[in-house]
Amino acid sequence: MIKKLIVLTGLVSSTLFAQVKTDVEVPYISYEIKMGKGFDAVNANCLMCHSFGYIINQGPQSRKFWDEKINKMIVHFKAPIEKEAHETVLNYLYKHYGNGKLK
Amino acid sequence: MKRRDFFKTSIAASAAIVGSSLSAGVTTQPVDGRKISEVAFPEKIPMITYSDRPPLLESTRSAFTKSLTPNDEFFVRWHLPDIPTYIDPDAYTIKIDGLVDRELNISLKSLKHDFEQVEVTAVLQCGGNSRSAFHPVAGGIQWGSGAMGCAKWKGVRLSDILDRAGLKKDAKWIGFNGKEKAAYYESPNFIRELHLEELDDHVILAYEMNGEDLPYLNGYPLRLVIPGYYSDSWVKMMSHITVTNEYKSLFFMDTAYRIPDNDTESETPENRSKTTKPIAKMNVKSVIGYPLNGAKIAHNSQLVVRGVAFDSGLGIKDVLVSVDDGVTWESSLLDNSAGRYAFKAFRFSFKPSGYGKLNIMAKAVNRLGEEQPLAKDVLWNHGGYKYNGIDTVMVEVV
């Protein structure tokens, strides 16, 4: 197994030198957003943690899929999404990024 | 980021998804040729950009004509929104604790000087690469075929570090944690666990990629490299290794990156598999880097098709190319291998003799005789993982 790794002879003599010496800035990208009822709730509850691109690039999905995604954010990622907001966000996502299927 | 920014009309909506009316469990060629963002991310050229927070960047097809993928074109996939944007290499350390004889805090400098330095060329591929091939749309980012790349990684063997720390007798699981953080402190960290048996001498902690420091977005200053495995366990900005004797239940292990636990690793949307397993090792796959879909090729001029092929490290034996819709296949020329975990670049030269639309197909075969299925024969799974259909590019001969 070991022979497949090339063992480098001699020690690395270079001093530590980062190719980026200052902080990097991750740019902000503006994704096209479909405005409508419930977007305020999306803005307040979803975009804290991730971009709008992360939502729309999941592709069109069923109501159940979006419901499970919101649940995942609450259960696994501990997002403090209230019950009412859950429903509002779900309605918005299904209306604008749904595939027309409930399941 | 100001709230009003959300209300601007799009400047860079780079990856609009079009709905599909295909029936259940159909697989096609992945989406190709998505728009490249006008905005470049740090140390990168402009790439297909699915999300800025966390950054999700895809390479274009043209990146896959050679066996090493340039750092500035290499795909990016993070899970959590808060990534350190400044790291002081002189102060950076990695901690090793848990069931070890000696807890260690190793500085980058010590890592580069006090351990044997090794290199391995290996493919890094997201388990969801090519997910857009699956219909109905599988959950997750709808990647084309560019959530992969191959680099020469340099670093230190994980086993050497664990030896230095000394594993206790009952050590079984190794947990890896990087520096990315969630917005809420209760959110789970992106921790991965691997069984000791999965970790051979090829697993390294890498600080260098293709002869340069790792780019920030690829995990500077240190990331795990697990040749042959999908990238979900290649933890970036690695800061902490913990040795345990029992498996801890973790979201990123138990829920994400899993496929049906059956022989065909498949299910249907109506009848989902009750049991799942980690995606683990990569299957045999190839992608054509040139020509691009829709290219115009001059009649009777020599065309050299180029691409890359790989598997989990068993080794690519052959890449077959068809220019008659799969009726006949011919072997392509393979490059001198950079090792069994690397992209094997292939090239196939021919003169298109007809006119009009022409499909160019590539099919990789490994040493076990495993070969890529036709796209339509790739079976569906709900996470859209492990797509490896025969890649097809359509050109027009004029």
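Okay, so let's go over this structure. Please read all numbers here as calculations on a predicted model, not as lab measurements.

A closer look at the overall build of chain B
Here comes step 1: A count of helices and strands for chain B gives three helices and 26 strands.
Here comes step 2: When the 398 residues of chain B are sorted by exposure, 58% land in the buried category.
Here comes step 3: Intrachain contacts of chain B at a sequence separation of at least 6 include 72% that bridge at least 24 residues.
Here comes step 4: As displayed, chain B has an accessible area near 15,700 Å², and 50% of this comes from carbon and sulfur atoms.

Thoughts on the pairing of strand β2 (residues 48-52) of chain B
All names here are of chain B.
Here comes step 1: Most of β2 is tucked away, with five of its five residues classed as buried.
Here comes step 2: Two strands pair when backbone bridges link them, and β2 and strand β3 (residues 55-58) are joined in this way by four bridges, in the antiparallel orientation. Along β3, the bridge assignment pairs I48 with E58.
Here comes step 3: Taken together, β2 and the strand that follows it, β3, pair antiparallel across an intervening segment of two residues.

Digging into the state of the cysteines
Here comes step 1: Going through the model one piece at a time under the given rule, you end up with zero disulfides over all chains.
Here comes step 2: In this model C46(A) remains outside any disulfide bridge; the closest cysteine sulfur is found in C49(A), 9.0 Å from its own.

What to know about the environment of K66(B)
Residue and element names in this part refer to chain B.
Here comes step 1: Relative to the assigned elements, K66 resides in the loop between β3 and β4 (76-77).
Here comes step 2: Residue classification places K66 among the partly exposed positions, given a relative accessible area of 35%.
Here comes step 3: C-alpha separation for the pair K66 and F346, spaced 280 residues apart in sequence, amounts to 8.3 Å.
Here comes step 4: Excluding residues within four positions of it along the chain, K66 makes contact with V308, F343 and A345.

Section: helix α4 (residues 83-97) of chain A
Residues and elements named next belong to chain A.
Here comes step 1: Here α4 spans 20 Å end to end across 15 residues, near enough to the 21 Å set by a 1.5 Å rise per residue.
Here comes step 2: Of all the positions in α4, only A85, H86, V89, L90, Y92, L93, Y94, H96 and Y97 are classed as buried.
Here comes step 3: On its buried face, α4 is in contact with α1 (39-45), α2 (52-56) and α3 (63-75).

Let's talk about the pairing of strand β10 (residues 173-178) of chain B
All names here are of chain B.
Here comes step 1: Summarising burial for β10: six of the six residues are buried, a large majority.
Here comes step 2: Residues W173, G175 and N177 line one face of β10 and the alternating positions I174, F176 and G178 line the opposite face, and both faces are buried.
Here comes step 3: Sheet topology places β10 next to strand β11 (residues 191-195); five bridges connect them, and they run antiparallel. Within the sheet, the bridge partner assigned to N177 lies in β11 and is I191.
Here comes step 4: With six bridges connecting them, β10 and strand β15 (residues 238-244) associate as antiparallel partners. Counterpart to I174 in the pairing with β15 is V243.

Digging into the pattern of salt bridges
Residue and element names in this part refer to chain B.
Here comes step 1: Throughout the structure, instances matching the rule amount to 15 salt bridges over all chains.
Here comes step 2: Measuring nitrogen to oxygen at the nearest pair gives 3.1 Å for the salt bridge that ties D32 to R61. Here D32, found in the loop between β1 (26-27) and β2, pairs with R61, found in the loop between β3 and β4; they are 29 residues apart in sequence, far enough to count as distant.
Here comes step 3: On the basis of relative accessible area, D32 is assigned to the partly exposed category, the value being 34%.
Here comes step 4: As a salt-bridge pair, D101 and K168 come within 3.4 Å of each other at their nearest N and O atoms. You can see D101 sitting in the loop between β5 (93-98) and β6 (104-107) and its partner K168 sitting in the loop between α2 (158-165) and β10, a full 67 residues away along the chain.
Here comes step 5: Put simply, D32, R61 and D391 are held in one network by salt bridges that share partners.

Reading guide: rules and limits
- Residues numbered from 1 in each chain as written.
- Chains lettered and ligands numbered in written order.
- Predicted model: local features only at pLDDT ≥ 70, side-chain atom pairs only at ≥ 80, totals over all residues.
- Heavy atoms only, no water.
- Helix = DSSP H or I, 4+ residues; strand = E, 2+ residues; numbered from the N terminus.
- Buried < 20%, exposed > 50% of the residue type's maximum accessible area, 1.4 Å probe, protein only.
- Contact = heavy atoms within 4.5 Å.
- Areas by Shrake-Rupley, 256 points an atom, 1.4 Å probe, with all protein chains shown as cover.
- Pairing = 2+ DSSP bridges.
- Disulfide = S-S within 2.5 Å.
- Expected span 1.5 Å × (residues − 1).
- Salt bridge = Lys/Arg side-chain N within 4 Å of Asp/Glu carboxyl O.

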